Amino acid sequence: MLKVAVIGAGLMGHGIAEVFSLKGNEIFLYDSYPNALKKGLDSILWSLNKLKEKGKIQDVNEIFSRIKPVQDLNLISEADLVIEAVPENFDIKSNVFREISKIVREDAIIATNTSSLPVSELAKSVKNPSRFLGLHFFNPPVLMKLVEVTKGDETSIDVFNRGVEIVKEIDKIPIPVRKDVLGFVVNRILFRIFTSACRLLKEYSVEEIDSLAKYVLEFPMGVFELLDYTGIDTNYLISNEVRKRGFDFTCDKLSELYQKGLYGTKVGKGFYDWSKGRPEIKRTERMPKPEDLLRDAVKEAYWLVNNGVSTEDEVNVATKLGLGWKKGIFDYAKEFSVKV
Ligand code: NAD
């Protein structure tokens, strides 16, 4: 069993701590804000009680007692594995890695849960970057099976392979990302879907495009519904960051909503009006062709395979499980004869 330190007890950190504890590992959960640490622990307890109600675990206290809240970072010195889940900000993360490097053993593995920052750039703040890699969990970590395991330019092959093994040990499905590409596999493909959907707004309405996504492709949410749900502000900021690094994620309407403060679900309005709850998306007669929404995503999927980032099977599974789609991207490509 491992001693795992999780840094940041927010949405992702507390869930990651719970996942490792469920599998018998010993956890140090650290947050620089005492209230956030308390909230994270309360959320873990709530979730464990839910698992018990469903008959999935028996002893909540045994699992919970393996998680030690720490407010002094020096107390993580015995960790075999450190997973960072602090906000998506390069400077905050870099500072955390510099601090951790001073405290843990030289051979302790250090991982980032970043969604959109390059692992190899973050590695520059880690002492001995060969033991640094990406472990990208999905939200919520307890329920989502997928973890993208990313090899940075300097990650040793042993550490990368060990990362894949650790993900299997906690009963998750690893997607090896063998080259450090921005957005890894799942988000790169999702950004292509977002950009295509935005481009289609020149000819179709938000509802017509989401009708295709929901009723023909059977995505769990419409594309614009998902942008609202995950936050117009968050997506706008991510689109700027990835564009700065050369990845084309463009959406004029997203910028327009951002400038107007229409951030989506959290403020009650974005592409949709959320003031009365989840919008009802009806099946429309008119809608784009499936291949027009999927083509760039399929091209991206081939690019990932052809560049040795992940295999065809891995990309297919990653899109299915990471995005909650009914099928993987290559299954859709076949079904709708998407030519690239
Ligand atoms: P969050 O804001 O919910 O949690 C971040 C936590 O870090 C907070 O509790 C905060 O108090 C704490 N924190 C801030 N500065 C700190 C510091 N210097 N040291 C220690 N703790 C500090 O954020 P989140 O949604 O959990 O995201 C965390 C990371 O996970 C980000 O990199 C994000 O991109 C990634 N991620 C998020 C999601 C998602 O759906 N939210 C999914 C996958 C990956």
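It should be noted that the structure appears before, not after, this text.
All of the points below concern the structure found in this document. Fair warning: this is a prediction, and the values are worked out from it, not measured in the lab. Residue numbers run consecutively from 1 along every chain, following the written order of its sequence. Only residues with pLDDT of 70 or above have their local features reported here, since the model is predicted, and side-chain atom pairs are shown and tallied only from 80 upward, although totals for entire chains, interfaces and linings are computed over all residues. Note that the side-chain values use all heavy atoms of the structure and ignore hydrogens as well as water.

1. Focus: the overall build of the protein
Check the secondary structure of the protein and you find 14 helices and 8 strands. Two things to know: the radius of gyration comes from C-alpha atoms, and the globule rule equals 2.2 Å times the number of residues to the power 0.38. In summary, the protein has a C-alpha radius of gyration of 20 Å against a globular reference of 20 Å for 340 residues, a match within 12%. When accessible area is computed with a 1.4 Å probe and restricted to protein chains, residues below 20% of their type maximum are described as buried, those above 50% as exposed, and intermediate ones as partly exposed. When the 340 residues of the protein are sorted by exposure, 54% land in the buried category. Of the accessible surface of the protein, which amounts to about 15600 Å², a share of 51% is contributed by carbon and sulfur atoms. Residues scored as charged are limited to Lys and Arg (positive) and Asp and Glu (negative), so that His and the chain ends carry no count. Just so you know, the charge point we use is NZ for Lys, CZ for Arg, CG for Asp and CD for Glu. Distance between charge centroids for the protein: 2 Å, based on 49 positive and 49 negative side chains. Helix and strand labels come from DSSP, where a helix needs a run of H or I of at least four residues and a strand needs a run of E of at least two; each type is numbered from the N terminus. Methods summary: accessible areas were calculated by the Shrake-Rupley approach with a probe of 1.4 Å, and residue burial reflects only the protein chains presented.

2. A short note on the layout of surface pockets
Summary: where empty space remains is shown by rolling a probe the size of a single water molecule over the atoms. Definitions used throughout: a 1 Å grid over protein atoms alone; a cavity as a set of points that fits a 1.4 Å probe which cannot get out; a pocket as an open set with protein on both sides within 12 Å along at least five of seven lines; a lining residue as one with an atom within 4 Å of a point. Grid points are joined across faces, edges and corners, and a volume is the space filled by probe spheres set on the points. Each pocket or cavity is described by its volume, and for the second largest pocket that value is around 320 Å³. Considering the residues around the second largest pocket, the lining is formed by Val19, Leu22, Lys23, Leu51, Lys56, Ile57, Val142, Leu143, Lys145, Ile170, Asp171 and Lys172.

3. Some points on the sheet that holds strand E3 (residues 67-70)
If you trace the 8 strands from one edge of the open sheet to the other, you get E3-E2-E1-E4-E5-E6-E7-E8, paired in mixed fashion. The open sheet is flanked by E3 and strand E8 (173-177), the only strands paired with a single partner. Averaged over all adjacent pairs, the angle separating strand axes in this sheet is 25°, with direction ignored. Strand pairing is assigned whenever DSSP detects at least two bridges linking the two strands. Relative to strand E6 (residues 132-137), strand E5 (residues 109-112) runs parallel, the two being bridged by 3 bridges. Its bridge partner lying in E6, Thr112 is registered against Gly134. Contacts: residue pairs with any heavy atoms within 4.5 Å of one another. Orientation is described by lines fitted to C-alpha atoms, with helices fitted over the stretch in contact, and by angles between N-to-C directions that extend from 0 to 180 degrees. Packed on one face of the sheet, helix H2 (residues 34-53) meets strand E2 (26-30) and E3 and runs near 165° to E3.

4. Section: the site of the ligand
Taken together, 24 residues form the shell around the ligand, and within it Met12, Asp31, Glu88, Lys93 and Asn113 come nearest. Pairs of N or O atoms within 3.5 Å make up the polar contacts considered here, provided that, within protein, one atom can donate a hydrogen while the other can accept it, and that residues adjacent in sequence are counted only when both atoms are side-chain atoms. Within the backbone of Val86, one N or O atom sits 3.4 Å away from an oxygen atom of the ligand. The side chain of Lys93 places a nitrogen or oxygen atom 2.6 Å from an oxygen atom of the ligand. The protein chains hide 75% of the 840 Å² of surface that the ligand would expose on its own. Among the elements of the structure, helix H1 (11-22), helix H4 (90-103) and E6 are those that each provide at least two residues to the shell around the ligand. No other element matches H4, which puts 3 residues into the shell around the ligand. Throughout, near means a residue has at least one heavy atom within 4 Å of the molecule or strand.

5. Observations concerning the packing of aromatic side chains
Pairing of aromatic side chains requires ring centres within 6.5 Å, counting the rings of Phe and Tyr and the six-membered ring of Trp. Pairs whose planes differ by under 30 degrees are stacked, by over 60 edge-to-face, and all others tilted. Within this structure, the stated rule accounts for 13 aromatic pairs. Relative to Phe336, the ring of Tyr332 has its centre 6.4 Å away and its plane inclined at 20°; by these criteria the two rings are stacked. The two residues Tyr332 and Phe336 agree in class, both being buried. Aromatic ring contacts, followed pair by pair, group Phe191, Phe194, Phe247 and Phe249 into a single cluster.

6. Remarks on the state of the cysteines
Note on terminology: disulfide denotes any pair of cysteine sulfur atoms within 2.5 Å. Inspection of every chain in the model, using the stated rule, returns 1 disulfide. What pairs with Cys198 in a disulfide is Cys251, and their sulfur atoms sit 2.0 Å apart. Note on the Cys198 and Cys251 pair: the S-S dihedral is about -80°, so by sign convention the disulfide is left-handed. Of this pair, Cys198 sits in helix H7 (residues 186-200) while Cys251 sits in the loop between helix H10 (232-244) and helix H11 (252-259), placing them 53 residues apart in sequence. Cys251 shares its class with Cys198; the two are buried.

7. Concerning the packing of H1 against H2
Contact geometry for H1 and H2: axes closest at 9 Å, N-to-C directions at 50°. Between H1 and H2, the interaxial angle falls into the category oblique. Crossing angle aside, the handedness with which H1 passes H2 is right-handed. Only Gly40, Ser43, Ile44, Ser47, Leu48 and Leu51 of H2 make contact with H1, whose side of the interface consists of His14, Ala17, Glu18 and Leu22. Under the scheme applied, nonpolar residues are Ala, Val, Leu, Ile, Met, Phe, Trp, Tyr, Cys and Pro; charged residues are Asp, Glu, Lys and Arg; polar residues are all the others, including Gly. Taken together, the residues of the contact of H1 with H2 sort by class into 5 nonpolar, 4 polar and 1 charged. What sets the label is the angle itself: under 35 degrees gives roughly parallel, over 145 gives roughly antiparallel, 65 to 115 gives roughly perpendicular, and the rest give oblique. By definition, turning the near helix anticlockwise from the far helix through less than a right angle yields a left-handed crossing, and turning it clockwise yields a right-handed one.

8. Considering the nonpolar core
Only buried residues count toward a nonpolar core, which is a set of Ala, Val, Leu, Ile, Met, Phe, Trp, Tyr and Cys residues joined through side-chain atoms within 4.5 Å. Counting residues in hydrophobic clusters, the biggest one holds 81 residues, and the most contacted among them are Ile7, Ile76, Leu294 and Ile329. Among residues more than four places away in sequence, those in contact with Ile76 are Ala5, Ile7, Phe28, Val70, Val82, Ile100, Ile103 and Val104. Within the second largest apolar cluster, 36 residues are counted, among which are Leu2, Val6, Val60 and Ile109.

9. Here we look at the pairing of E5
With burial as the criterion, each face of E5 is covered, one bearing Ile109 and Ala111 and the other bearing Ile110 and Thr112. Note: strand E4 (residues 81-84) against E5, 4 bridges, orientation parallel. Each residue of the ladder has a partner; that of Ile83, found in E5, is Ala111. Assessed by its sense of winding, the connection that carries the chain from E4 through H4 to E5 is right-handed. Handedness rule for crossovers: strands pointing away from the viewer, path from the first strand over the helix to the second running clockwise, crossover right-handed.

10. Thoughts on the pattern of salt bridges
Salt bridges are identified by distance alone: a Lys or Arg side-chain nitrogen within 4 Å of an Asp or Glu carboxyl oxygen. One pass over the structure, following the stated rule, counts 29 salt bridges. One salt bridge connects Glu165 with Lys168, and the closest N-O pair in it is separated by 3.6 Å. Placement of the pair is Glu165 and Lys168 together in helix H6 (residues 157-169), with a separation of 3 residues, close to one helical turn. Lys168 gets classed as partly exposed once you look at its relative accessible area, which sits at 45%. If you follow the salt bridges from partner to partner, you end up with Glu121, Glu241, Lys244 and Arg245 in one network.

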